[in-house]
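# Summary of the model geometry
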Amino acid sequence: MATAGAAIDFHFAEGLRERGLVGAYSLLLGVDQRMTAPEEVAGFVDGIVASVRERAVRDRIAADPVYAGFRELHKAFDVPTRKLLSAGATLIRDVEQRGDIPRIGPLVDVYNAVSLETRLALGAHDLATVAGGISVRLTTGAERYHPVGSTEPEPVRPGEYGYIDDGGDVICRLEVRQSEKTKVTATTRDLFLIVQGNAATPVHDVQTAHDRLVGSLQRFFGGEAVPLYRP
């Protein structure tokens, strides 16, 4: 069940769980991205990338049951599976093709590394730019969505699941792509954290990945964790 956090109200539409979506969510308040030397953060990320690179093979995305679970989850919502890989599948593809994941900034690099390690879809959003509370629910098509890195907004497809703030902005489409509005920057202090799995990921694995993410971020950037929802 959902609980209200210290800074926002959070709602998870339980009907989504019946269709295969499982997630754990928290706030992390008061992080300081200057707290740890960049080379120490890079060393943590490098270690995870190296361990994954050693066992990465070309058919990993197709064969792995967790990545397959995200494809099945997308099919349940009539989402094209070839164009929209889960966050974890996109990262392992980067390792397979280029030997590394994109390096964006210390905090983003850490959560991407944990996503790569756990194969789940992880995300962090700047809470200062979120309007009101956040709901994980089906889209109606009336919401607004500006993908991160894009110069223009995109239409919202009705009937997908998304992470939507009270202002009607999609802050994450499915678990695939985040929004320009809530992207983490060098000045981000307060975070909304997503750890999402699917029907192929036991609840325990999702909870363990959530704790790994929160612990890793606190190790390097501090902050106070505020639980919002655990499956």
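Not measured: the values here are computed from a predicted model.

## Quick word on the packing of helix α2 (residues 38–55) against helix α7 (residues 203–221)
Angle between the axes and distance between the axes are the two parameters that describe a pair of packed helices. Across the interface, α2 lies against α7 with an axial gap of 10 Å and an inter-helix angle of 150 degrees. What the angle tells us is that α2 and α7 run roughly antiparallel. Relative to α7, the crossing made by α2 is right-handed. Here Glu40, Val41, Phe44 and Ile48 of α2 come into contact with α7, specifically with Arg212, Ser216, Arg219, Phe220 and Phe221. Residues belonging to the contact of α2 with α7 are distributed by class as follows: five nonpolar, one polar and three charged.

## Focus: the sheet that holds strand β1 (residues 10–12)
With mixed pairing, the five strands of this open sheet are ordered in space as β1-β4-β5-β6-β7. In this open sheet, the two edge strands, each paired with only one partner strand, are β1 and β7 (177–178).

## Some words on the confidence of the model for the chain
Of all residues in the chain, 95% attain a pLDDT of 70 or more, and the chain-wide mean is 92. Segment residues 1–5: pLDDT under 50, and 13 contacts once partners within four positions in sequence are set aside and those in other chains are kept.

## Some words on the sheet that holds strand β8 (residues 190–197)
Strand pairing in a sheet relies on backbone hydrogen bonds. The paired strands run either parallel or antiparallel. The strand order across the open sheet formed by four strands is β3-β8-β2-β9, and the pairing between neighbours is antiparallel. Strands at the two margins of the open sheet, each flanked by one partner only, are β3 (121–126) and β9 (224–229). In this sheet, adjacent strand axes meet at a mean angle of 20 degrees when their direction is disregarded. Relative to β8, β3 runs antiparallel, the two sharing six bridges. The residue of β8 that forms the bridge with Ala121 is Gln196. Packed onto the sheet, α7 meets β2 (22–29), β3, β8 and β9 and runs at close to 150 degrees relative to β8.

## Focus on the side chain of Ser179
Summarising the element assignment, Ser179 is placed in the loop between β7 and β8. On the basis of relative accessibility, which here comes to 1%, the residue Ser179 falls in the buried class. Setting aside chain neighbours within four positions, we find Ser179 in contact with Tyr145, His146, Pro147, Val148, Val170 and Ile171.

## As for helix α6 (residues 106–118)
An ideal rise of 1.5 Å per residue puts 18 Å on 13 residues; α6 measures up with 19 Å between its terminal C-alpha atoms. Burial within α6 is extensive, with 11 of its 13 residues counted as buried. Considered for burial, the residues of α6 that qualify are Leu107, Val108, Asp109, Val110, Tyr111, Asn112, Ala113, Val114, Ser115, Leu116 and Thr118. Close packing links the buried residues of α6 with α2, α5 (87–98), β3, β7, β8 and α7. Arg119 occupies a position one or two residues after α6 and carries a positive phi of about 70 degrees.

## As for unusual backbone geometry
A positive phi angle is found at Arg119, which is not glycine, with a value near 70 degrees. Mapped onto the elements of the fold, Arg119 is located in the loop between α6 and β3. Residue class for Arg119 comes out partly exposed when judged on its relative accessible area of 25%. Unlike most non-glycine residues, Leu174 shows phi in positive territory, near 50 degrees. When you line up the elements, Leu174 lands in the loop between β6 (170–173) and β7.

## Structural notes on the packing of α2 against α6
In contact at an axis separation of 9 Å, α2 and α6 are set at 25 degrees when each is read in the N-to-C sense. The pairing of α2 with α6 is recorded here as roughly parallel in orientation. Between α2 and α6 lies a crossing of left-handed hand. Along its contact with α2, which presents Val41, Phe44, Val45, Ile48, Val49, Val52 and Arg55, the element α6 presents Pro106, Asp109, Val110, Ala113, Val114, Leu116 and Glu117. Considered class by class, the residues forming the contact of α2 with α6 number 11 nonpolar, no polar and three charged.

Criteria and thresholds
Residues numbered from 1 in each chain as written. Predicted model: local features only at pLDDT ≥ 70, side-chain atom pairs only at ≥ 80, totals over all residues. Heavy atoms only, no water. Axes fitted to C-alpha atoms, helices over the stretch in contact; angles between N-to-C directions. Helix = DSSP H or I, 4+ residues; strand = E, 2+ residues; numbered from the N terminus. Parallel < 35°, antiparallel > 145°, perpendicular 65-115°, else oblique. Left-handed = near helix turned anticlockwise from the far one by under 90°. Contact = heavy atoms within 4.5 Å. Nonpolar A, V, L, I, M, F, W, Y, C, P; charged D, E, K, R; others polar. Pairing = 2+ DSSP bridges. pLDDT = per-residue confidence, 0-100. Buried < 20%, exposed > 50% of the residue type's maximum accessible area, 1.4 Å probe, protein only. Expected span 1.5 Å × (residues − 1).

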